[in-house]
Every structure is written in C-alpha cells, then in structure tokens.
Amino acid sequence: MAFLDPKFAEYPARKRHLWLISLTYPLFPLLGTLVALATGQAAWVWLPVALVYLVIPVIETIVGDDHTDILGQMDAEAAMSPFYRYMVHGLLPIIYLTWGLGAWYVATQSPGILTLIGLGVSHGLGLGFAINSGHEVGHKTDRTSKWIALLMLAPSFYGHFRIEHNVGHHSHVATPKDSATSYFGESFWHFIGREIPGAWKRAWAIESKRADRKGYSRFSIKNEVVLATLLGLAVWTTMLMIFGLVVLPYMLIAWAFSVTGLSQQNYIAHYGLLRDQRPDGKYLPARPEHSWNCNKIVTNLLTFNLARHSDHHANPARHYQNLRTFPDAPQLPHGYGFMFLLAYCPPLFRRVMDPLVLANVDGDMDRVLTKDMML
C-alpha cells in the first residue's frame, strides 16, 4: 500500500492528511443509524460493533505494523501545524450530533430491545472515542482546550477524567497506587469494579487538596470535579428535556459502554507492569517500558496514536502526531480491537498476555505488579 512506502515519509503534507482517517471512527455510529433509517432495517444499528470488533481487526492483520514509523516522522512544520489541534477540536459537534441522533432514533422509531441495546452499544463506542478525544485535548493547558475536553467528556459523565488522568494516573502509573493499572492475573471484570470508582475518588482527592491549598471550598465550582459533574448534569438534562425519559435507557447503555471502553484501554495498556523503586521507596519516573505499546498502523490512525502508549507516558506533553514507537518497549501482540475482545474473556486474555508479562521481566515476579502489592 502506498502509505507503507518509506519514500512516503518525504511528503509531510500527504502524511499529515493520513490523520483524517481518525475522523472515520466517530462516524461509525452515525453511519449505522443512518443506514438503518434509509433501509428500514433496524439491524444496521449494530454496524459499528461489527466494524470495530470484526472488520478492523481483519484489516489490521493485513496492513500490519508501522515499520517505517510514518506516524512518528514529523518535521518541525508539521509538528507545529494547527491542523492537528483543530482536527481534534472539530470532533466536538460530531460527538453531540451522533449522540443526539441516537436519542432521536429511540424517541421516534420505537425500537425493540435488541435495537435499543445495539444503539446504546454502538453509540457507546462513539462516546468512548469522545473520551479518547477529550484525553488528547485535555493534555493541553490552554483554557479553550480545557473546556473542549470537558464538553467532550460530559456525555459520558466522565469530566473528572481530565484531572484524574493528568495528575493521578500519569503520576502513579505502573505502581500499586494506581487504580488505572491492572495487576498480573486480574480480570477485566474485576478491574472495572476497581478502576471506575477509583478514578472518581482520586479526582476528588486531587481537587480537594487543591481547594484546601488555595483556600476555597472543595464544593466550589472551582473544583473541576464539581464543574464537570454540573456540566454532565446539564447536557443529560437537556437531552432528556428534548427527547423525553424514553431515551434514558439508551443514554445509560451508551454511558456504561463508553466508560468501560476507557477501562479496557487502561487494562490492556498497563497489565502487570511495575516501575522500579529507588532505595528510599519512591518509584522511578515512568519510562517507555512501563506501558504496553502497540505499533499497529490502523489502531493508531483510528485513535490519534493512543496505542503508542509507551511514548505517551514517558512524554505526556508530546502531541499525538509526534508520538514515536519504541521497539524495546513491551509490545501488544494485536491491535486494540482484538485485544478488547480478549479482555472480555479473562482465560483467553491471560493465555495470551501472562507469558508476555513474564518474558518481559525474564520470569522475575518481583518485577511484576501483583495483587498482594496493591494498596
């Protein structure tokens, strides 16, 4: 394929436009719903599920890895181009349009239970991508990016993620203190019961300490958890006022699938990895080897390079288009879509991943994050 040719890296403008592929993922739920409306066949609402878990893994197997590091070879002009920022910012109206279309379908088409579940799951995939977009924008420090990130996270009622991820997860990743790091042998289903409430608790603790330090009430709107909660309530209330309580089951299913989708990414990206400690007990800074990397070109084009997680945690301020691959970092054997499927079945996931964890540390269990280490 043309974009796998090493000579392609000589053309940053063409390479830059590869990132437009990232815009296709949030359009999947929109496409499925529109095809269902056009054909009168409600089963088409399940199209995004088939694309994410079946079609994309097959395409990914054919395309393979980014051997030439096309996605990391950005020159100075490309790295600073506003194209990258505005492309992510431009997803905000698409996120709300898609979420709203799903609600409209439920309110006007009287779908059966399977169609309702399909809509919720499919649009939950879209809101999961909204969390990923909010994650990318939320790493920026300007006020505009902060508000765009909070608005992207509001439909999933996960606005607290911005502060929890930046201040909490990035500080404690691959240590027993991190609720967003899965330990060796932990199932995905156990992990979400620990990670989802843990994220809110950590965000509240972070913002409460900041409030105490700066001298305002922890229940003030200056507390970002309070602000994000109010924003989530506002957009959910608006949706219910427009379409009625009949859309609440759709919204709840989409919410549940979006937040567990984020947990899936955290689960596979850090499974069993542990940072070394200094003699004083403090942990060394996060390095590329403290996250599972994935260099599958399709996964990275569809997720703003999220799967280059090793570089992201080693250099959290680095923009997505500049994230590099680290061949020496622990590598996931498959792209995100297939790994998410494995996560649903703990025995299969462990059969694939446990040997890789042990090989990564030469069999030394003292270098693996285990249950008995968790705080």
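This text goes with the structure placed above it.
In this text, all values refer to a predicted model and were calculated from it rather than measured experimentally.

S.K.: Talk me through the packing of helix 5 (residues 82-89) against helix 8 (residues 143-153); I want residue IDs and the actual numbers.
M.R.: Where helix 5 contacts helix 8, the two axes come as close as 11 Å, and the packing angle between them is 35 degrees. Here R85, V88 and H89 of helix 5 lie close against helix 8, whose contacting residues are S145, I148 and M152. Here the residues of the contact of helix 5 with helix 8 are counted per class, giving three nonpolar, two polar and one charged.

S.K.: Can you tell me about unusual backbone geometry, naming the residues and giving the values?
M.R.: Phi at F157 takes a positive value of approximately 55 degrees, unusual for a residue other than glycine. For F157, the location among the structural elements is in the loop between helix 8 and helix 9 (161-172). For N305, which is not glycine, the phi dihedral falls at a positive 65 degrees. Classification of N305 by relative accessible area gives buried; the value is 0%.

S.K.: Let's hear about a nonpolar patch on the surface: which residues, and what values?
M.R.: A contiguous nonpolar patch, built from W46, I113, L114 and I117 and spanning about 380 Å² of accessible area, is present on the exposed surface. With respect to the helices and strands, the residue W46 is situated in the loop between helix 2 (28-39) and helix 3 (47-63).

S.K.: Provide a residue-level description of the side chain of S263, including the pertinent values.
M.R.: You can see S263 is positioned in helix 12 (residues 248-270). Relative accessible area serves as the criterion here: at 0%, S263 is assigned to the buried category. When sequence neighbours within four positions are dropped, the list of residues in contact with S263 reads F188, F191, I192, E195 and I196.

Definitions and limits used
Residues numbered from 1 in each chain as written. Predicted model: local features only at pLDDT ≥ 70, side-chain atom pairs only at ≥ 80, totals over all residues. Heavy atoms only, no water. Axes fitted to C-alpha atoms, helices over the stretch in contact; angles between N-to-C directions. Helix = DSSP H or I, 4+ residues; strand = E, 2+ residues; numbered from the N terminus. Contact = heavy atoms within 4.5 Å. Nonpolar A, V, L, I, M, F, W, Y, C, P; charged D, E, K, R; others polar. Buried < 20%, exposed > 50% of the residue type's maximum accessible area, 1.4 Å probe, protein only. Patch = residues over 30% accessible without salt bridge, like charges linked within 9 Å, V, L, I, M, F, W, Y side chains within 5 Å. Areas by Shrake-Rupley, 256 points an atom, 1.4 Å probe, with all protein chains shown as cover. Salt bridge = Lys/Arg side-chain N within 4 Å of Asp/Glu carboxyl O.

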